[in-house]
2 protein chains.
Amino acid sequence: MSGIIEPRTLSGFMELLPKDQVLFDKIKAHLESVYLKYGFFPLDTPVLEDSAILLAKAGGETEKQIYRFSKGSTDLTMRFDLTVPLAKYVAKNYGELTFPFRRYQIGKVYRGERAQKGRYREFYQADIDIIGDGTLSIANDAEIPSIIYSLFLGLGIDDFVIRINNRKVLSGIFAILGIKEAAADILRIIDKLDKIGKDAVFTELTKEGILPETAEKLLTLLTTKGENEKILEMLNEYKGQNELFDKGICELETVIKYIGAFGVPSGYYTIDLTIARGLDYYTGTVYETFIRKHPEYGSVCSGGRYDNLAEYYTKKSLPGVGISIGLTRLFHVLWENEFLNRQLENPVDALVLPMSEDLSYSLEVATGLREAGISTQVYLEEGKFKKKISYSDKLSIPFSIILGSDEEEAKKVALKNMSTGEQVICTLSEAVKIILENKEELKKAKKVIM
Amino acid sequence: MSGIIEPRTLSGFMELLPKDQVLFDKIKAHLESVYLKYGFFPLDTPVLEDSAILLAKAGGETEKQIYRFSKGSTDLTMRFDLTVPLAKYVAKNYGELTFPFRRYQIGKVYRGERAQKGRYREFYQADIDIIGDGTLSIANDAEIPSIIYSLFLGLGIDDFVIRINNRKVLSGIFAILGIKEAAADILRIIDKLDKIGKDAVFTELTKEGILPETAEKLLTLLTTKGENEKILEMLNEYKGQNELFDKGICELETVIKYIGAFGVPSGYYTIDLTIARGLDYYTGTVYETFIRKHPEYGSVCSGGRYDNLAEYYTKKSLPGVGISIGLTRLFHVLWENEFLNRQLENPVDALVLPMSEDLSYSLEVATGLREAGISTQVYLEEGKFKKKISYSDKLSIPFSIILGSDEEEAKKVALKNMSTGEQVICTLSEAVKIILENKEELKKAKKVIM
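Residues numbered from 1 in each chain as written. Chains lettered and ligands numbered in written order. Predicted model: local features only at pLDDT ≥ 70, side-chain atom pairs only at ≥ 80, totals over all residues. Heavy atoms only, no water.

A. Spotlight on the relation of the copies chain A and chain B. Once turned by 180° and shifted 0.0 Å along the axis, chain A lies on chain B with an RMSD of 0.1 Å. Put plainly, the chains are arranged around a two-fold axis. Closest to the rotation axis within chain A is the C-alpha of Phe69 of chain A, separated from it by 3.2 Å. By residue overlap, the copies meet face to face through one surface: 100% of the interface positions of chain A are interface positions in chain B. (Least-squares fit on C-alpha atoms with pLDDT ≥ 70 in both. Contact = heavy atoms within 4.5 Å.)

B. Focus on the pairing of strand 14 (residues 399–403) of chain B. All names here are of chain B. Extensive coverage of strand 14 is indicated by the burial of 5 of its 5 residues. The two faces of strand 14 match: Phe399, Ile401 and Leu403 on one face and Ser400 and Ile402 on the other face are all buried. Across 5 bridges, the pairing between strand 12 (residues 350–354) and strand 14 is parallel. What sits directly across from Leu351, in strand 14, is Ser400. (Buried < 20%, exposed > 50% of the residue type's maximum accessible area, 1.4 Å probe, protein only. Helix = DSSP H or I, 4+ residues; strand = E, 2+ residues; numbered from the N terminus. Pairing = 2+ DSSP bridges.)

C. A look at the packing of aromatic side chains. Per the counting criterion, the structure on display carries 27 aromatic pairs over all chains. A centroid spacing of 6.3 Å and a plane angle of 50° characterise the contact between Tyr149 of chain A and Phe160 of chain A, whose relative ring orientation is tilted. Residue Tyr149 of chain A is located in helix 5 (residues 139–155), and its partner Phe160 of chain A is located in strand 7 (residues 160–166); the two are separated by 11 residues in the primary sequence. Judged by relative accessible area, which is 14%, Tyr149 of chain A ranks as buried. Residue Phe160 of chain A is classed as buried on the basis of its relative accessible area, which comes to 1%. Each member of the aromatic cluster is reached from another via a ring pair, and the members are Tyr67 and Phe69 of chain A together with Tyr67 and Phe69 of chain B. (Phe/Tyr/Trp six-rings, centres within 6.5 Å; stacked < 30°, edge-to-face > 60°.)

D. Representation of the packing of helix 1 (residues 18–37) of chain A against helix 5 of chain A in the model. All names here are of chain A. Relative to each other, helix 1 and helix 5 sit at 145°, their axes nearing to 10 Å. Seen along the crossing, helix 1 lies across helix 5 with a hand that is right-handed. Each of Ile27, His30, Leu31, Val34 and Tyr35 in helix 1 lies in contact with helix 5, whose residues at this interface are Ile147, Ser150, Leu151, Gly154 and Leu155. Looking at the contact of helix 1 with helix 5, its residues break down into 7 nonpolar, 3 polar and no charged. (Axes fitted to C-alpha atoms, helices over the stretch in contact; angles between N-to-C directions. Left-handed = near helix turned anticlockwise from the far one by under 90°. Nonpolar A, V, L, I, M, F, W, Y, C, P; charged D, E, K, R; others polar.)

E. Just the sheet that holds strand 7 (residues 160–166) of chain B, in detail. Ordered by their spatial adjacency, 8 strands build an open sheet running 1-5-6-11-10-9-7-8 (chain B), and the pairing between neighbours is mixed. Both edges of this open sheet fall to strand 1 (41–42) and strand 8 (269–271) of chain B, since each of them pairs with a single strand only.

F. Up close: the sheet that holds strand 11 (residues 320–326) of chain A. Residues and elements named next belong to chain A. Read across the open sheet, the 8 strands follow the order 1-5-6-11-10-9-7-8; overall the sheet is mixed. The sheet terminates laterally at strand 1 (41–42) and strand 8 (269–271), the two strands that pair on one side only. In the sheet, strand 7 pairs with strand 8 via 3 bridges, with the strands oriented parallel. Directly across from Arg163, in strand 8, lies its bridge partner Thr270.

G. Geometry of the side chain of Ser299 of chain B. Residue and element names in this part refer to chain B. Mapped onto the fold, Ser299 is located in the loop between strand 9 (285–291) and strand 10 (302–306). One polar contact links the side chain of Ser299 to the main-chain carbonyl oxygen of Cys301, over a distance of 3.2 Å. Looking at Ser299, its side chain comes within polar contact range of the side chain of Ser302, at 2.6 Å. If near-sequence neighbours (up to four positions away) are discounted, Ser299 is found in contact with Glu288, Thr289, Phe290 and Arg329. (Polar contact = N/O pair within 3.5 Å; in protein donor to acceptor, adjacent residues only side chain to side chain.)

H. Representation of helix 1 (residues 18–37) of chain B in the model. Taking 1.5 Å per residue, 20 residues should reach 28 Å; helix 1 of chain B reaches 28 Å between its end C-alpha atoms and fits that length. Gly39 of chain B, located one to two residues past helix 1 of chain B, shows a positive phi value of around 80°. (Expected span 1.5 Å × (residues − 1).)

I. Structural context of the interface of chain A and chain B. Counting residues at the interface gives 100 residues for chain A, matched by 100 residues for chain B. Summed over both partners, the interface of chain A with chain B comes to about 8500 Å²; 63% of that surface belongs to carbon and sulfur atoms. Linking chain A with chain B are 8 salt bridges. A salt bridge links Lys108 of chain A to Asp44 of chain B, with the nearest nitrogen and oxygen atoms 3.0 Å apart. Connecting chain A to chain B are 41 residue pairs in polar contact (both at pLDDT 80 or more). Among the elements that line the side of chain A that touches chain B, the one with the most residues is helix 1 of chain A, at 6 residues. Of the residues belonging to the side of chain A that touches chain B, the class tally is 53 nonpolar, 21 polar and 26 charged. (Buried area = accessible area lost by both parts, 1.4 Å probe. Salt bridge = Lys/Arg side-chain N within 4 Å of Asp/Glu carboxyl O.)

J. Here's a closer look at the environment of Leu436 of chain A. Residue and element names in this part refer to chain A. Note that Leu436 resides in helix 16 (residues 428–445). Residue Leu436 is classed as partly exposed on the basis of its relative accessible area, which comes to 32%. If sequence neighbours within four positions are ignored, Leu436 has contacts with Ala372 and Ile374.

K. Main features of the pattern of salt bridges. Enumeration according to the criterion identifies 38 salt bridges over all chains in this entry. Among the ionic pairs, Arg188 of chain A bridges to Glu208 of chain A, the shortest N-O distance being 3.9 Å. Of this pair, Arg188 of chain A sits in helix 7 (residues 183–190) while Glu208 of chain A sits in the loop between helix 8 (193–207) and helix 9 (212–222), placing them 20 residues apart in sequence. One continuous salt-bridge network, built from bridges that share partners, spans Glu15 of chain A together with Glu49 and Lys88 of chain B.

Interpretation in functional terms is not warranted from these geometric data alone.
Right, dumping it as structure tokens:
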């Protein structure tokens, strides 16, 4: 055979060592379980789609980032988000779906941007959306934060805040202040508030042609902090001047009113009038979620309400509300900040060590353990006892079951607790009981998040 | 906005309706649970890799089928199996892994072949492999069939047989019969036995230059049916003529001897000397799995033993044994043959129907249900009772919980069993008990496979 090729993985593509993969899978499974608990159906769409479908809407920035190529006469693109495939799916299967249609999808998406720290070219998104047929109650917008709350709290992260705004309120304010035409530029500048601060934003706004007194008024209004009721009170003073604004205030009030009833304690959500989430997609409620200790990572879960999911594929009006978690990035953030419990996570509960050449008794024991719901590996390699037991140690398998001819004759097992070193001779069913009890305890003690 | 684009999905790419997606996910989750129970670690590798890595080995057929393209100066290929990425991973992370390294991976792979019935361009493979460092005990080869057995039996399929052969035995037979040089052609012809029959294979073999008496002898030998012990006895008569053959017989005997001890009842596995599984990869034990009633679908789970997993990426000797299930195809086979229980599978246990404008009580009830482990959706849309209850019906949600002002005042709930039509007024905790009991019963009654 010819030369050796240096094994490597492309930059921007995550590939984890076993113990980290187990942690990643646990987080992914938790997300799935919360989505299911709230009544979302799973969905799985292709990674590759016809470019004409995926790029029906896309503008310049998307076009530059995508992986697009031809195979035969077909122009293909790798999906760059899970929203466009959902829009296609709902338009395509409209007649077969029951609305409101609630779906979750956790899958890889592809963006060929320059790889940098915390940026991935292949990454998981975990999305939920609720799609209505013609209409969708504003109450759904209040349910979303309760799902975000369950997600993060269940992971063991309780130091987060969901920032909520309404695009109608924002557009209404611009209209009231007479700066509607500059909305796009203003949004772009306001987006930098966290990064460059109020003064620098003020300067940029005036450079953009906004009168200093208008910029002052705008910034005072948008950056008002305080209790949600106080902010709503302040906004209510502007009522009656602009129809869109009034509608937005009404939506925002309803959402804030219901969030508590949906089970989210105050302190976990706040109105933040500076949140905009881009320009042309969201039309009502918008959300961002920040880990308080790490604002530098930006929003770890974002989304909002849109009027038309699938305008490029159908004339039906399909309003919806949804959120997306950049799961690969979230994992990276948790990992980097030592949030994760990186004790070697092992999916194996017990390692059976056969000490005689005939494996029959060991295999019988292993089958018995598995039937009792215990993940069991039989160490099938030859070698000295020390080598065998060190395998158990290296993989942090909680129990070793050592089976020599003595154990076989007595129909017993030698059960060694690898963390205490304690070893007992007992029956298979006694061993099952001990291992299962220990597993329950480990489950309680070992949280994914430290 | 401009015109509407007809929403479509590329041919050869599976996209399921919600109820089928739920079934698919159940099958996938079952595979994962079995792999975990046998002590395999999860792995997730990128869909895109450097072409130089993925195509280190590939020959002409693979090259024609792959999705390969350039982005900037990088030559990229979408993975066409999960074995090559595993080889790269193990070679790359050799120092960080503990051997034997047991991993499972369930992921999408891509082959741009002509789409036809039951053939997919994007499909899931579900693989397990056990990789040794330098050596790997033959006992692992006997464990694999026990995993296949657990997989299929757990799905509710018990009409299958695992066919087992050994490539050393096959090569040894060719050497003994003096037809070693024609091995590649012979294997290709013998592979057609199921399709074209013994006589046609005989004709093709003689056309290939094999003497009629040799072809006769070969076919008699390979197609001998009967108990495994009988076949081994027959093979033993040829011992002492060829070293490779003798080694193969010894391996095959050991595997067959242990399979029973690993918990696979006889009747679920058989020696079949015609199984070869391609030319240049497998070097010992090989497996194929057939659904007896549907031999026309070919093998639904195949694999074998190989001497060198990663010879293109490292000089280390990494022997292994593994199997692969074409999960998308298996699902298609089950679906097409009405093996699947296609009663609408719904992940939601209960639908809360608020009958008053204030949602607070309904949301409180829903939170209580979820905390008790019940998947709950609140129907948040406005509309008449009939419309609300029909949503429950359409999605086959087992219970509706109707909450009007009477229920709220009494702090009770109206619980309607949607399949019996029975409605009771009870407390939340009574409702929880009834729903959970019913869920347990449904779980027992509703098998994925009919």
